[in-house]
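These are the residues of each chain, in order.
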Amino acid sequence: TATAAVAAAPQNGVGIVGVWPNARLLNVPLPVQRTSQGDTISCKASGEGIRRAVEAGAAVINMSYGSTSRCASEWVQIYFAVAKGIIPVAAAGNEFVDGNPLEFPASLPHVVTVAATTADDRNAWFSNVNDAIDLSAPGEGILTAVPKQFDTTGQDGYDALDGTSFAAPMVSAAMAWVRAVRPELEPDQVVQAVRRTARDVQRP
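The model shown is predicted, which means the values in this text are computed figures rather than measured ones.

Draft legend 1. Here's a closer look at helix α4 (residues 164–181). Across its 18 residues, α4 extends 26 Å between first and last C-alpha, which sits within 8% of the 26 Å expected from 1.5 Å per residue. In terms of burial, α4 is largely enclosed, as 13 of its 18 residues are buried.

Below you can see the structure in the form of structure tokens.
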């Protein structure tokens, strides 16, 4: 709910407005496993979710999740998606203070990897920063829609959240919007159009 709203919440006079209001979205639920370390998504489930998004005709796939372990089925399905002309986008991860590790699927080739910035154009303190990063987008204090049971501030269905998970759907929506208005562009040209219209903040 939160990532979808960042990308495409409608301009209807209620709540927030997404980066591309009223874009057509497809949600592919991924089964969650309860473990002693918290809720997790399996490697197999991620690969299966990407496969279902490809079959449903997605133009861009947003992945606001990740792991420090490389996942074979995820890798295979992302390559299949790229071969079909789909742009995969993934959150870079929020483990900067835990060693700034490479995250997957974000660090796989052909995946647009998104880090998070603050309102004053600085790297967010939690955001991973490494050579896999392609773009950054706001990821601190992002007001978005949440199910009321997860609303910690007022039970109005909106909350301000931090994470590269909320920066990634901004980039995903921008990529999808460019694809819609410039359908003659190849997927890699769309990625470069968005990357080259960004500007460097702090160290390039």
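Draft legend 2. Highlighting the state of the cysteines. In total, this model carries one disulfide according to the counting rule given. In this model C43 forms its disulfide with C71; the gap between the sulfur atoms is 1.9 Å. Across the disulfide from C43 to C71, rotation about the S-S bond amounts to roughly 85 degrees, and the bridge is consequently right-handed. Pair noted here: C43 is in helix α2 (residues 43–55) and C71 is in the loop between β3 (60–63) and α3 (72–83), with a separation of 28 residues, a long-range link.

Draft legend 3. Here's a closer look at the environment of T113. Along the polypeptide, T113 turns up in strand β5 (residues 112–117). Those residues within four positions of T113 in sequence are excluded, and the remaining contacts are A90, A92, A106, S107, A132, I133, D134 and L135. At 2.3 Å, the side chain of T113 forms a polar contact with the backbone oxygen of A106.

Draft legend 4. Representation of a nonpolar patch on the surface in the model. A surface patch of nonpolar side chains, amounting to about 250 Å² of accessible area, comprises V19, W177 and V181. Residue class for W177 comes out partly exposed when judged on its relative accessible area of 37%.

Draft legend 5. Quick peek at the sheet that holds β3. Within the open sheet, the four strands sit side by side as β3-β4-β5-β6. Their pairing is parallel. Where the open sheet ends on each side, the last strands, each with one partner, are β3 and β6 (135–138). The sheet shows a mean angle of 30 degrees between the axes of neighbouring strands, taken without regard to direction. Looking at chain direction, β3 and strand β4 (residues 87–91) are connected through four bridges and run parallel. Directly across from N62, in β4, lies its bridge partner V89. With respect to the sheet, helix α5 (residues 187–196) is in contact with β4, β5 and β6, its orientation differing from that of β4 by roughly 40 degrees.

Draft legend 6. Main features of unusual backbone geometry. In this structure, the amide linkage connecting F104 to the following residue, P105, adopts the cis form with an omega of 15 degrees. Here P105 lies in the loop between β4 and β5. Although it is not a glycine, N22 sits at a positive phi angle of roughly 70 degrees. Considering the arrangement of structural elements, one finds N22 in the loop between α1 (2–8) and β1 (33–35).

Basis of the calculations
Residues numbered from 1 in each chain as written. Predicted model: local features only at pLDDT ≥ 70, side-chain atom pairs only at ≥ 80, totals over all residues. Heavy atoms only, no water. Helix = DSSP H or I, 4+ residues; strand = E, 2+ residues; numbered from the N terminus. Expected span 1.5 Å × (residues − 1). Buried < 20%, exposed > 50% of the residue type's maximum accessible area, 1.4 Å probe, protein only. Disulfide = S-S within 2.5 Å. Contact = heavy atoms within 4.5 Å. Polar contact = N/O pair within 3.5 Å; in protein donor to acceptor, adjacent residues only side chain to side chain. Patch = residues over 30% accessible without salt bridge, like charges linked within 9 Å, V, L, I, M, F, W, Y side chains within 5 Å. Areas by Shrake-Rupley, 256 points an atom, 1.4 Å probe, with all protein chains shown as cover. Salt bridge = Lys/Arg side-chain N within 4 Å of Asp/Glu carboxyl O. Pairing = 2+ DSSP bridges. Axes fitted to C-alpha atoms, helices over the stretch in contact; angles between N-to-C directions.

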